[in-house]
Each structure stands twice: as C-alpha cells, then as structure tokens.
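Reading the structure
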Amino acid sequence: MRPYQERLLIEYVELYDKRTKLSQFIEKTINDQLTPTLRCPIGLLQAQCAVMDAYLCILKERVKCEHLQTEFEEHMYRFFKSKGGSEYGTICKKEDQNI
C-alpha cells in the first residue's frame, strides 16, 4: 500500500471516531442527558456533524477508487477492536452496503 493510501484509511477512521463522538454528544445534549454550557447553538454542532458525514462519504468513494476495500475493512476492524469490538459486525455490514 502506498503512503497516501495509508493516510486515506487513517483519515477515515479518525474522522469516523470524531463524528461518532460529536453525534453522541449532540444526542445526549438534546435528550437532556448532558447539560453542557454551550457557547454556540446546537444547530451549529449538528451542521458540523452533517459536513463530517459528507466528508466520510467522499473518503469512502476514494477508498473504492483506490481499490482499498480489504484494507478499509482491516482498519475498521482494528478501530472497533480497540474500542471494545462489540459494534464492528453491525457497522461493517452498513459500510459494505456503502462501499
């Protein structure tokens, strides 16, 4: 694998992690499970999350163009394993439908 391809996969995994954390934060804030003092409207965070989703879609298309589906699966597997691994099968099935 070329260095730029490795960076593409790393970028996807890192963005996916950040987007997941932001989404969970937004959901908990909206459902009053968290009461953070936000200096910006929640809508701004929701817009950021939507842009992150769009960027993830672009990165997935690049993975397809580079024929990196197998490597993508390996990176996602390592990511979920490092997080406890329980959601990997569910997410990979969703990812497979999109790749």
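Residues numbered from 1 in each chain as written. Predicted model: local features only at pLDDT ≥ 70, side-chain atom pairs only at ≥ 80, totals over all residues. Heavy atoms only, no water.

For the rest of this paragraph, the subject is the confidence of the model for the protein. When pLDDT is averaged along the protein, the result is 84, and 85% of the positions lie at 70 or above. The secondary-structure element of the protein with the lowest mean pLDDT is helix α4 (residues 88-98), recorded at 47, while helix α2 (residues 42-65) shows the highest, at 95. (pLDDT = per-residue confidence, 0-100. Helix = DSSP H or I, 4+ residues; strand = E, 2+ residues; numbered from the N terminus.)

The next subject is helix α1 (residues 3-30). Helix length check: α1 (28 residues) gives 40 Å between terminal C-alpha atoms against 40 Å at 1.5 Å per residue, within 8%. Along α1, the residues classified as buried are Gln5, Leu8, Leu9, Tyr12, Val13, Leu15, Tyr16, Asp17, Arg19, Leu22, Ile26 and Thr29. Looking at the residues trailing α1, positive phi occurs at Asp32, about 60°. (Expected span 1.5 Å × (residues − 1). Buried < 20%, exposed > 50% of the residue type's maximum accessible area, 1.4 Å probe, protein only.)

Looking now at the pattern of salt bridges. Scanning all chains against the criterion turns up three salt bridges. Two residues, Lys21 and Asp17, come together in a salt bridge whose shortest N-O distance is 3.3 Å. In this pair, Lys21 and Asp17 both sit in helix α1, four residues apart, roughly one turn of the helix. The partly exposed category is assigned to Lys21, whose relative accessible area is 47%. For the salt bridge of Glu61 with Lys64, the shortest nitrogen-to-oxygen distance reads 3.6 Å. Here Lys64 and Glu61 lie together in helix α2, a separation of three residues that amounts to about one turn. Given the relative accessible area of 31%, Lys64 is considered partly exposed. (Salt bridge = Lys/Arg side-chain N within 4 Å of Asp/Glu carboxyl O.)

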